[in-house]
Amino acid sequence: MMGKVFYVLSDSVGETAELLAKAALSQFSSQDMKIQRIPYVDDEATMVEAFNLAKENNGIIAYTLVKPEFRHKMKDLSVKYNITAIDLMGPLLEELEGHLQEKPTLQPGLVHKLDEDYYKRVEAIEFAVKYDDGRDAKGILKADLVLIGVSRTSKTPLSQFLAHKRLKVANVPIVPEVEPPEELYQVSPDKCIGLEISPEKLNHIRTERLKALGLNGSANYARKERIQEEIDYFNKVVQKIGCDTIEVSNKAVEETANVILRKIKK
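Residues numbered from 1 in each chain as written. Predicted model: local features only at pLDDT ≥ 70, side-chain atom pairs only at ≥ 80, totals over all residues. Heavy atoms only, no water.

This paragraph deals with the sheet that holds strand S2 (residues 34-38). On the basis of which strands lie adjacent, the open sheet formed by four strands has the order S2-S1-S3-S4 and parallel pairing. Only two strands of the sheet have a single partner each, and these edge strands are S2 and strand S4 (85-87). Pairs of neighbouring strands in the sheet enclose a mean axial angle of 20°, with direction left out of account. With five bridges connecting them, strand S1 (residues 5-10) and S2 associate as parallel partners. Across the sheet, residue Leu-9 finds its bridge partner in S2, namely Ile-38. Set on the sheet, helix H3 (residues 68-81) makes contact with S1, strand S3 (60-64) and S4; between it and S3 the angle comes to about 170°. (Pairing = 2+ DSSP bridges. Helix = DSSP H or I, 4+ residues; strand = E, 2+ residues; numbered from the N terminus. Axes fitted to C-alpha atoms, helices over the stretch in contact; angles between N-to-C directions. Contact = heavy atoms within 4.5 Å.)

As structure tokens, then:
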């Protein structure tokens, strides 16, 4: 007969139950108890099997099952087999239901889904940083979305905002003196969006930007002739790609992002 076993049952992957079991066992000097996880419990047969194993191996059971009928069955089996079975989820759900005055969804695995959602968001944020401002053209073909525009059209903050919506966004600056990367013409036009801005608005933004940096507001960067040259070149690139554009002159980043998200949903 093997050493004592702590069986942890769950209707999902069982990480929560196993962590609790480990935390509890760490408070005892005895090291001869093994934890065995039994995930995705969704029928009575699996529960019965767990109790038979616990009977054979001098074990105990803990479980995180959200469905009331499963928890009731575990209590019945605990009495029948005379095996200790600890409900880790039920009492907490019942207390929260009373306190919040709301019925639980009783959907297994939601913690795991929330974790997955979090990691997707982090991955998208890291992607936006890595492929910001045309830093690495390889990101263009990996991206869910590619933003193009002249300087100061909010490409970077927009990429970060959309990353929080779990979209992997690369952005590419369009400058007349620099040929756009070849990857920009290989990506599907549906995945690319050009950010349009009026010359007047861009002149104002760039002039204020130069002043904030302690530089001359009349530098070439903010000259109307230079701005028009950049916008004309941007329009040629957009036409060559065949992608949609969004006018951002009087839009906040959040507004532009919502327009993009609606386009993507369509």
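The strand order across the open sheet built from four strands is S6-S5-S7-S8, with neighbouring strands paired in parallel fashion. Of all strands in the sheet, those bounded by a partner on one side alone are strand S6 (169-173) and strand S8 (244-247). Adjacent strand axes in the sheet meet at a mean angle of 25°, parallel and antiparallel pairs treated alike. For strand S5 (residues 145-149) and strand S7 (residues 192-196), the ladder comprises three bridges, and the chain directions are parallel. Bridge pairing links Leu-147 to Ile-193 in S7. On top of the sheet, helix H7 (residues 155-163) reaches S5, S6 and S7; it is set at about 175° to S6, its chief contact.

With that out of the way, let us pick up the pairing of S6. Buried residues dominate S6, accounting for four of its five residues. Both S5 and S6 contribute to a ladder of five bridges, which runs parallel. Bridge assignment links Leu-147 to a residue of S6, and that residue is Asn-171. For the crossover from S5 across H7 to S6, the handedness is right-handed. (Buried < 20%, exposed > 50% of the residue type's maximum accessible area, 1.4 Å probe, protein only. Right-handed = clockwise from strand over helix to strand, strands pointing away.)

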